[in-house]
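Chain by chain, the residues:
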Amino acid sequence: MVFNAHLDHYGLDINLISLFHIFSTYFKDLLSNNKLYDILMEDESNQELDGITANDNGCILVGEGVSLEGRIANAKDTNIAGTYNGSINSDSLYVSKNGNLTGDIKTQNVTIDGKFTGDVRTENSLVVNSTALAKGNFEYSILEVKFGATIEGMVKHSGAISPIAPAEKSLTHEEQPILDTDISDNHLEVED
Amino acid sequence: MSIFGSQEKKEIIEEKFIFPVSDISTSHHTFISEDLEINGNITGKDYIELNGKVTGTLKSNKIDIKEKGLVNGEISADNLIVAGEIDGEIKVHDLYIRSTAKIKGIIRYKNIDIQAGAIITAELIKTI
């Protein structure tokens, strides 16, 4: 009803853009995702650079063309678009297409689009995309490699988290010893 | 029933992508069933579908190791799809590893594709 009143007020002068603005301000509360709202409104005060803003906690971005050496610890999101040489301890790591990363990595999730040399230990997923060139030792729980990618070195499944598709064979192996103990328990009861 | 039907269709489409139907009908299609256990060497020129167990070497142009397929030994192929288990050395041009696969050993490949969920503990070597 209120929306209709707006339209009447503006009359025929209303153009599509202002209609969109009225519409989006009106439904601001409905858009629970603030980022979606920012994108819709194209708010210039909240400019993002590769998904990382200056106020985000625990984020580090090594931009394209930048060369950095060192040690990153306790980071949440790490994005390597330039050249980085050193160790990284971060919740999630992304090496973008032009990125070049050398060093020891300890993370939850890694996605590699660019160049990587070194050792990786991920507690969760390791994604190697088609443009990637990855060499080293990889320890993972979920590994995904896209056709065309280069991945060389030792690959090891850590077995911390069960894969998406549960293996039937391993389940039956685990069940067998349990069944055996059940039978022996029954025997004991009979003897008593 | 309808859900089952759609799943089957998806699988067929996926396989067509790698093995064109015309290719299979004109080639020698070898099928190794689930209850078969082979000790020794298998050499073919075309397509082998493995549901059973092989201890030894497996060599062909296209090899499809299904979920219940198991290989203990060496595999060399042009095109290999793995949904089962392999323990040994793999030499392949195009390798597709499905989410249900379990692989241990050495993998020599030119192109590799691994679906999330596969359990692989191996040395990966890219050949030129």
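Residues numbered from 1 in each chain as written. Chains lettered and ligands numbered in written order. Predicted model: local features only at pLDDT ≥ 70, side-chain atom pairs only at ≥ 80, totals over all residues. Heavy atoms only, no water.

Focus on the overall build of chain A
Looking only at helices and strands, chain A features four helices and eight strands. Listed by position from the N terminus, the elements making up chain A come as α-α-α-β-β-β-β-β-β-β-β-α. Across the 192 residues that make up chain A, the buried fraction comes to 30%. Of the contacts made within chain A by residues no fewer than 6 positions apart, 3% connect residues no fewer than 24 positions apart. (Helix = DSSP H or I, 4+ residues; strand = E, 2+ residues; numbered from the N terminus. Buried < 20%, exposed > 50% of the residue type's maximum accessible area, 1.4 Å probe, protein only. Contact = heavy atoms within 4.5 Å.)

Regarding the side chain of Asp113 of chain B
Along the chain, Asp113 of chain B turns up in strand β8 (residues 111-114). Comment: no salt bridge for buried Asp113 of chain B; closest opposite-charge side chain is Arg98 of chain B, at 5.3 Å. (Lys, Arg positive; Asp, Glu negative; His and termini not counted. Salt bridge = Lys/Arg side-chain N within 4 Å of Asp/Glu carboxyl O.)

Observations regarding the nonpolar core
In this structure, Leu101 and Ile151 of chain A together with Leu80, Ile97, Ile107, Ile112 and Ile120 of chain B are the most contacted members of the largest nonpolar core, which totals 53 residues. Those residues in contact with Ile97 of chain B, other than ones at most four positions away along the chain, are Val82, Ile103, Ile112, Asp113, Ile114, Gln115, Ala118 and Ile120 of chain B. (Core = buried A, V, L, I, M, F, W, Y, C linked by side-chain atoms within 4.5 Å.)

As for the pattern of salt bridges
All names here are of chain B. Across all of its chains, the model carries four salt bridges over all chains by this definition. Between Asp64 and Lys66 there is a salt bridge, with the nearest N and O atoms lying 3.1 Å from each other. Each of the two residues, Asp64 as well as Lys66, counts as buried. Among the salt bridges present, the one from Glu89 reaches Arg108, with a minimum N-O distance of 3.1 Å. With Glu89 in strand β6 (residues 85-97) and Arg108 in strand β7 (residues 102-109), this residue pair connects regions lying 19 residues apart in the sequence. With relative accessibility at 28%, the residue Arg108 sits in the partly exposed group.

Section: the interface of chain B and chain A
Tallying the contact residues gives 26 residues for chain B and 23 residues for chain A. Between chain B and chain A, the buried area comes to about 2000 Å², and carbon and sulfur atoms account for 55% of it. There are zero salt bridges connecting chain B and chain A. Seen at the junction of chain B and chain A, the total is 10 residue pairs in polar contact (both at pLDDT 80 or more). Taken together, the elements giving at least two residues each to the side of chain B that touches chain A come down to β6, β7, β8 and β9 (119-126) of chain B. Ranked by residues supplied to the side of chain B that touches chain A, first place goes to β9 of chain B with eight residues. Bridge analysis of strand β8 (residues 150-157) of chain A against β9 of chain B gives three bridges, and the strand direction is antiparallel. The residue of β9 of chain B that forms the bridge with Val155 of chain A is Ala122 of chain B. (Buried area = accessible area lost by both parts, 1.4 Å probe. Polar contact = N/O pair within 3.5 Å; in protein donor to acceptor, adjacent residues only side chain to side chain. Pairing = 2+ DSSP bridges.)

Thoughts on the confidence of the model for chain A
All names here are of chain A. When the pLDDT values of chain A are averaged, the result is 72; 53% of them are 70 or greater. Contacts of residues 39-48 to residues separated by more than four positions or lying in other chains number 10 contacts, the stretch itself having pLDDT below 50. Here residues 161-192 scores under 50 on pLDDT; set against residues more than four positions off or in separate chains, the count is 15 contacts. (pLDDT = per-residue confidence, 0-100.)

Let's talk about unusual backbone geometry
Residue and element names in this part refer to chain A. Phi is positive for Asn74, close to 55°, though the residue is something other than glycine. Assignment of secondary structure puts Asn74 in strand β2 (residues 67-80). By relative accessible area, which is 72% here, Asn74 ends up exposed.

Comments concerning the packing of aromatic side chains
Residue and element names in this part refer to chain A. Per the counting criterion, the structure on display carries two aromatic pairs over all chains. A ring pair is formed by Phe116 and Phe138, whose centres lie 6.1 Å apart and whose planes are at 50°; its orientation type is tilted. Taken as a pair, Phe116 in strand β5 (residues 115-128) and Phe138 in strand β6 (residues 133-140) lie far apart in primary sequence, 22 residues in all. A residue is classified by how much of its surface remains accessible, and Phe138, at 2% relative accessible area, is buried. (Phe/Tyr/Trp six-rings, centres within 6.5 Å; stacked < 30°, edge-to-face > 60°.)

Observations regarding the side chain of Thr107 of chain A
Along the chain, Thr107 of chain A falls in strand β4 (residues 100-112). Not counting residues within four places of it along the chain, the set of residues in contact with Thr107 of chain A comprises Ser90, Asp91, Leu93, Arg121, Thr122 and Glu123 of chain A.

Overview of the environment of Glu74 of chain B
Residue and element names in this part refer to chain B. Within the secondary structure, Glu74 is located in strand β5 (residues 70-82). When the C-alpha positions of Glu74 and Gly56 are compared, they lie 6.4 Å apart, and in sequence the two are 18 residues distant. Other than its neighbours up to four places away in sequence, Glu74 contacts Gly56, Thr57, Leu58 and Glu89.

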